[in-house]
Structures are given as structure tokens and as C-alpha cells.
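# Overview (structure and organization)
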Amino acid sequence: NAGVTQTPKFRILKIGQSMTLQCTQDMNHNYMYWYRQDPGMGLKLIYYSVGAGITDKGEVPNGYNVSRSTTEDFPLRLELAAPSQTSVYFCASSYSSGQGPYEQFFGPGTRLTVL
Amino acid sequence: AQTVTQSQPEMSVQEAETVTLSCTYDTSESDYYLFWYKQPPSRQMILVIRQEAYKQQNATENRFSVNFQKAAKSFSLKISDSQLGDAAMYFCAYSHYPGSARQLTFGSGTQLTVLP
């Protein structure tokens, strides 16, 4: 099991450029999430998905878009990059069936700089 | 909306000693989960310990234990016999259940330094 993988690990964008952050999990999890972590801060939820074809906004969705066409993949799209989107982006996934404080499994993160 | 507050941006502890990291949260829900995650310099988020709000017994995982005070909305992490490998940023997190996708709300973190 590779767990949650993210590509790329690092990226520098110019203002106004667009890019897609890739996220894939091989644990057959229904729930997937995108968070961003600004320097010295905790993670904030951008978007989440409870299954293929279903997505919803989190706390800080502006400037981002997501899609979920398969259980495994949950890409995050940045349109018209701005310096305020400089951050580390984490993708995560978790179990969805039954009760329980199921652990979220995190990818290694993507460090994005917008200049 | 739920909020999670970690009032100690930085803490330090001598190797082999005990340290307690504080966390308070605000919620109007009765069913929820609380977590402590560790983030070493590698940036990888690692689950340390979890607690269900309906359980009165405090969770324990080896050298890590929590003091869960539901009425006070407090959820502190105690690390016993601290080791150099415990040095990391520690995040307290909240997740509401049921009726949600169990997304996490994080505190701002506590940077723990372990002194040899």
C-alpha cells in the first residue's frame, strides 16, 4: 500500500498561472480532503468529498476547484494563482463506514510558492 | 462553527521528563472526536492519539495519554519519558460526528523541543 500520494512535491508558480495538484489513495477510502497549511499555522480545509461525484466546500474554498471522478483520485485545481495561495497543501483520506474516530491518512504535502 | 485553541506556541522538555500540551475547543455538539497529530520536520502528519467524546475514560497510547475534560472543553496531551524523536509540531484537532464527513478542525499547533 502506497497510502496517499501527492504530486508534485514542490512547485513555483507565477501570478495568474494555473495548475493541478494531484492526489491518489489506494486504500479504497470514500472520504477525501484537501487542506492548506500556512507558515506557523494549523491546517485549514479547502474542499472535501464523500465519494465519487460528490464534493463540497470547506472553510477556505475561494480560488480552488476540485473534482472526484474515481474513488482513488481527488485533484485540486488552482486557477489564476495569487501570492495568498502560497502554502503547503495536504491531501487526506479516511474510512467512511460505521462509527468511530477514524484516522485521516495524510499525503506528504505539496509546497507551492506563487511569485 | 467549531474552534480549536492551542495557547502554547512553543514548549520545551528535557529528555526523559514529562510534558503536557494544552488544547481547548468550542462546540455546541455532544458527539465528536478529538485527535492529536504530530508533524515532524518531514511534514508528514502522524496520528498520535484519539478520543471519543462519549467515553469518560482517557485514551492512552504507550507514552502518550490525554486528559479529556468534556465540561471544560479541554483536551490536553501528556508525553511521558520524552524522547528526542518526540520533537515536532503537535496539532489538536476536532471532528464532529454523526452527520458529517468528519472533516478536521485544527488548532494552530505547539512546537515541542526536546532537550538532550
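See the structure shown above.
To keep things clear, this report deals only with the structure shown in the data block. (Residues numbered from 1 in each chain as written. Chains lettered and ligands numbered in written order. Predicted model: local features only at pLDDT ≥ 70, side-chain atom pairs only at ≥ 80, totals over all residues. Heavy atoms only, no water.)

### Section: the sheet that holds strand β7 (residues 64-66) of chain A
Residue and element names in this part refer to chain A. With antiparallel pairing, 4 strands are arranged side by side in an open sheet as β1-β3-β8-β7. Strands with a single pairing partner mark the edges of an open sheet, and in this sheet they are β1 (4-7) and β7. Strand-to-strand, the axes of this sheet are offset by a mean angle of 20 degrees, without reference to chain direction. Sheet topology places β7 next to strand β8 (residues 76-78); 3 bridges connect them, and they run antiparallel. Looking across to β8, one finds that Tyr64 is bridged to Leu78. (Pairing = 2+ DSSP bridges. Helix = DSSP H or I, 4+ residues; strand = E, 2+ residues; numbered from the N terminus. Axes fitted to C-alpha atoms, helices over the stretch in contact; angles between N-to-C directions.)

### Focus: the interface of chain A and chain B
The interface of chain A with chain B comprises 30 residues on the first partner and 20 residues on the second. Taking both sides of the interface into account, the surface hidden between chain A and chain B amounts to around 2000 Å²; carbon and sulfur atoms contribute 53%. Counting the contacts that link chain A with chain B gives 1 salt bridge. B:Arg50 is the partner of A:Glu103 in a salt bridge, and the nearest nitrogen-oxygen pair spans 3.9 Å. The tally of links from chain A across to chain B stands at 6 residue pairs in polar contact (both at pLDDT 80 or more). For the side of chain A that touches chain B, the secondary-structure elements that each account for two or more residues are β4 (31-37), β5 (43-51), β9 (87-94) and β11 (110-114) of chain A. Residue classes in the side of chain A that touches chain B are distributed as 16 nonpolar, 11 polar and 3 charged. (Contact = heavy atoms within 4.5 Å. Buried area = accessible area lost by both parts, 1.4 Å probe. Salt bridge = Lys/Arg side-chain N within 4 Å of Asp/Glu carboxyl O. Polar contact = N/O pair within 3.5 Å; in protein donor to acceptor, adjacent residues only side chain to side chain. Nonpolar A, V, L, I, M, F, W, Y, C, P; charged D, E, K, R; others polar.)

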